[in-house]
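Summary of structural features
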Amino acid sequence: MSDDKELGFATKAIHAGQRPDPATGAVMTPVYFTSTYVQQAPGVHKGYDYARTVHPTRSALEANLAALEGARRGLCFSSGMAAIATVVQTLRSGDHVVCCEDLYGGTYRLFTQVFQRFGLSFSFVDAADLSAVEKAFSAQTKLLWIETPSNPMLRITDLRGACQLAHRHGALAAVDNTFASPALQRPLALGADLVVHSTTKYLGGHSDVVGGCVLANDEGLYERLKFLQNAVGAVPGPMDCFLLLRGTKTLPVRMERHCQNALAVAKHLLAHPEVERVHYPGLAHHPGHETAKAQMSGFGGMISFELKGDLSRAKRMASGTKLFCLAESLGGVESLIGHPATMTHGSIPREQRLKSGLVDGLIRLSVGLEDAADLVADLDAAIAASL
Ligand SMILES: *Cc1c(COP(=O)(O)O)cnc(C)c1O
């Protein structure tokens, strides 16, 4: 892996963690469908004993993802939620976590409805405002949890500043980097201790697999997480690992087009008379534009916007597109449209949603790799039909 560190990002995407199979010369990483491995004598084996603990297709993926994030170590899980849960399982009862307020709905649900029962506490703050983050720390705070760009408001947190705050308060900084992907943003280089991904999204990129990962540089932290990966056991299967290895090979080229298309769609919506507001960090008026420019190499494929009118119009519009599929999730080659208040963020109480600007008329787009002109025409037609 040390050789891979010297290579460019696109080269690492294709080669890191992988080499032609020594047994056959197969260029693609073999999918090892096995749960166990033969031992020469009790406890004597080739480094593989049981597939929950260690698996060669998964090891290739873990090395690949670690290289992309510039991390020394990577661990893969059966879903993004399993990866996030594993990070929280490193904490103890009584510990406190500071989180950004408009975070992924499933993460909010996991924190408040599962881990709160085990004696952990969580504070939700506008992490675009570092003074609000600072105020939320207490002597019990062990972890800062950041998503940037955030979901679905596309707020930007200054990662370097936020990680410094965490460290000053003796806490670790974890970043859910799902929205940006390592092609656009690498939080470990900005001071984060942990990066997590739902690999279901941009890393997989084709809406055909559910997965998650955690990346870290610190060996002690990695060992604690590795222990939990094996002890709790939310590991991905070999076919899922193969699909993800196939996905990451094209990540750099896909992200380039996601960014181009999203900017074109965002600019078009900004000029649309039926649109009240557009949230996209690539637009100059976005409050996080300068920070995004400094810490990201592109602004990503996610947009949210407020349609004029009420909740029912927003739902009509989101149901009226032909190319954009009305669906949960994001980050695939195909464009998706969603209504966060009734879909992805339905598990967050309405007052909490409104506090972070997630109004009933908000629509979220995952802009795919189709022709931008077709996407714009599809949105225009659905907006006109929803009047
Ligand atoms: C989808 C998503 C998750 C959860 O991942 P799953 O793979 O669905 O379990 C977590 N964080 C973000 C930002 C996501 O988009």
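Residues numbered from 1 in each chain as written. Predicted model: local features only at pLDDT ≥ 70, side-chain atom pairs only at ≥ 80, totals over all residues. Heavy atoms only, no water.

1. Remarks on the overall build of the chain
Here is the rule we go by: Working definition: helices are DSSP H or I runs of at least four residues, strands are E runs of at least two. Numbering for both runs from the N terminus. We compute the radius of gyration from the C-alpha atoms alone; for a globule the expected value is 2.2 Å times N to the 0.38, where N is the number of residues. By definition, residues are in contact when any of their heavy atoms lie within 4.5 Å. Only the protein chains shown count as cover for residues, and the accessible areas themselves come from Shrake-Rupley with a 1.4 Å probe.
Helix and strand counts for the chain come out as 13 helices and 12 strands. What you see for the chain is a C-alpha radius of gyration of 21 Å, in line with the 21 Å of a compact globule of 387 residues. When its C-alpha atoms are laid out on the principal axes, the chain stretches across 75 × 50 × 35 Å. Pairs at least 24 residues apart make up 72% of the contacts formed inside the chain by residues separated by at least 6 positions. A total accessible area of about 15,800 Å² is found for the chain, and carbon and sulfur atoms account for 55% of it.

2. Comments concerning the site of the ligand
To keep things clear, this is the line we draw: Here, proximity means that at least one heavy atom of the residue falls within 4 Å of the molecule or strand. Here a polar contact means two N or O atoms within 3.5 Å. Within protein one must be a hydrogen donor candidate and the other an acceptor candidate, and residues neighboring in sequence count only if both atoms are side-chain atoms. Residues are grouped as follows: nonpolar covers Ala, Val, Leu, Ile, Met, Phe, Trp, Tyr, Cys and Pro; charged covers Asp, Glu, Lys and Arg; every other residue, Gly included, is treated as polar.
Among the 14 residues in the neighbourhood of the ligand, the closest are listed as Met81, Asp176, Ser198, Thr200 and Lys201. At 2.9 Å, a backbone N or O of Gly80 approaches an oxygen atom of the ligand. A distance of 2.8 Å separates an oxygen atom of the ligand from a polar atom in the side chain of Ser198. Contact with the protein chains covers 92% of the free accessible surface of the ligand, which is 380 Å². In terms of residues, the shell around the ligand owes the most to one element, helix 3 (residues 80-88), which gives three residues. Its residues placed into classes, the shell around the ligand shows five nonpolar, six polar and three charged.

3. Things to note about the sheet that holds strand 4 (residues 141-147)
We apply this condition: Strand pairing follows a simple DSSP-based rule, namely that at least 2 bridges must link the two strands. All axes here are fitted lines through C-alpha atoms, helices being fitted over the stretch that makes contact, and every angle between N-to-C directions spans 0 to 180 degrees.
Spatially, the seven strands line up as an open sheet ordered 1-7-6-5-4-2-3, and their pairing is mixed. Bordering the open sheet on either side are strand 1 (73-77) and strand 3 (121-125), each of which pairs with just one other strand. Along the sheet, successive strands turn relative to each other by an average axial angle of 20°, direction set aside. With five bridges connecting them, strand 2 (residues 96-100) and strand 3 associate as parallel partners. The partner of Val98 across the bridge, within strand 3, is Ser123. Those strands touched by helix 7 (residues 219-232) are strand 1, strand 5 (172-176), strand 6 (194-198) and strand 7 (212-216), and its axis lies near 20° from that of strand 1.

4. Focus on unusual backbone geometry
With omega at -5°, the peptide bond leading from Thr148 into Pro149 counts as cis. Take Pro149: it is sitting in the loop between strand 4 and helix 6 (159-168). Here the amide bond leading from Asn151 into Pro152 is cis, since omega sits at 5°, within 30 degrees of zero. Its location among the elements puts Pro152 in the loop between strand 4 and helix 6. For Leu154, which is not a glycine, the phi torsion comes out positive at approximately 55°.

5. A short note on the domain arrangement of the chain
In many analyses, interface size is given as the accessible surface area lost on bringing the parts together. So the rule is basically this: For the purposes of this description, domain bounds are those given by an automatic or database domain assignment. Here the quantity called buried area is the accessible surface, traced with a 1.4 Å probe, that two parts lose on coming together, added over both. Should a side-chain nitrogen of Lys or Arg be within 4 Å of a carboxyl oxygen of Asp or Glu, the pair is scored as a salt bridge.
Here the chain is partitioned into domain 1 (7-249) and domain 2 (251-385). With centres defined by C-alpha atoms, the gap from domain 1 to domain 2 works out at 25 Å. Contacts between the two partners involve 43 residues from domain 1 and, on the opposite side, 42 residues from domain 2. When domain 1 packs against domain 2, the two sides together hide about 3,200 Å² of surface, and 62% of this comes from carbon and sulfur. It is Met153, Leu184 and Tyr202 in domain 1 that bury the most area against domain 2; as a group they hold 24% of the surface buried on that side. Connecting domain 1 to domain 2 are one salt bridge.

6. Things to note about the pairing of strand 6
What counts is decided by this rule: Relative accessibility thresholds used throughout: buried, under 20% of the residue-type maximum; exposed, over 50%; partly exposed, between the two (1.4 Å probe, protein chains only).
The buried count for strand 6 comes to five of five residues, which makes it a mostly enclosed element. Across the two faces of strand 6 the burial is the same, with Leu194, Val196 and Ser198 and Val195 and His197 all buried. Taken together, the three bridges between strand 5 and strand 6 define a ladder with parallel strand orientation. Along strand 6, the bridge assignment pairs Val175 with Val195. Of the strand pairs in this sheet, strand 6 and strand 7 are connected by five bridges, and their pairing is antiparallel. Opposite Ser198, over in strand 7, you have Gly212 as the bridge partner.

7. Quick look at the pattern of salt bridges
Throughout the structure, instances matching the rule amount to 12 salt bridges. A salt bridge links Lys293 to Glu290; its shortest N-O distance comes to 3.8 Å. One end of the pair is Lys293 and the other is Glu290, both in helix 10 (residues 289-295) and three residues apart, which spans about a single turn. A relative accessible area of 47% places Lys293 in the partly exposed class.

8. A short note on the sheet that holds strand 10 (residues 325-326)
A sheet is described by the order of its strands in space; here five strands give the open sequence 8-9-12-11-10, paired in mixed fashion. This sheet does not close on itself; its edge strands, each paired only once, are strand 8 (275-279) and strand 10. Contacts from helix 9 (residues 251-270) reach strand 8, strand 9 (302-307) and strand 12 (362-366), with the element oriented near 15° to strand 9.

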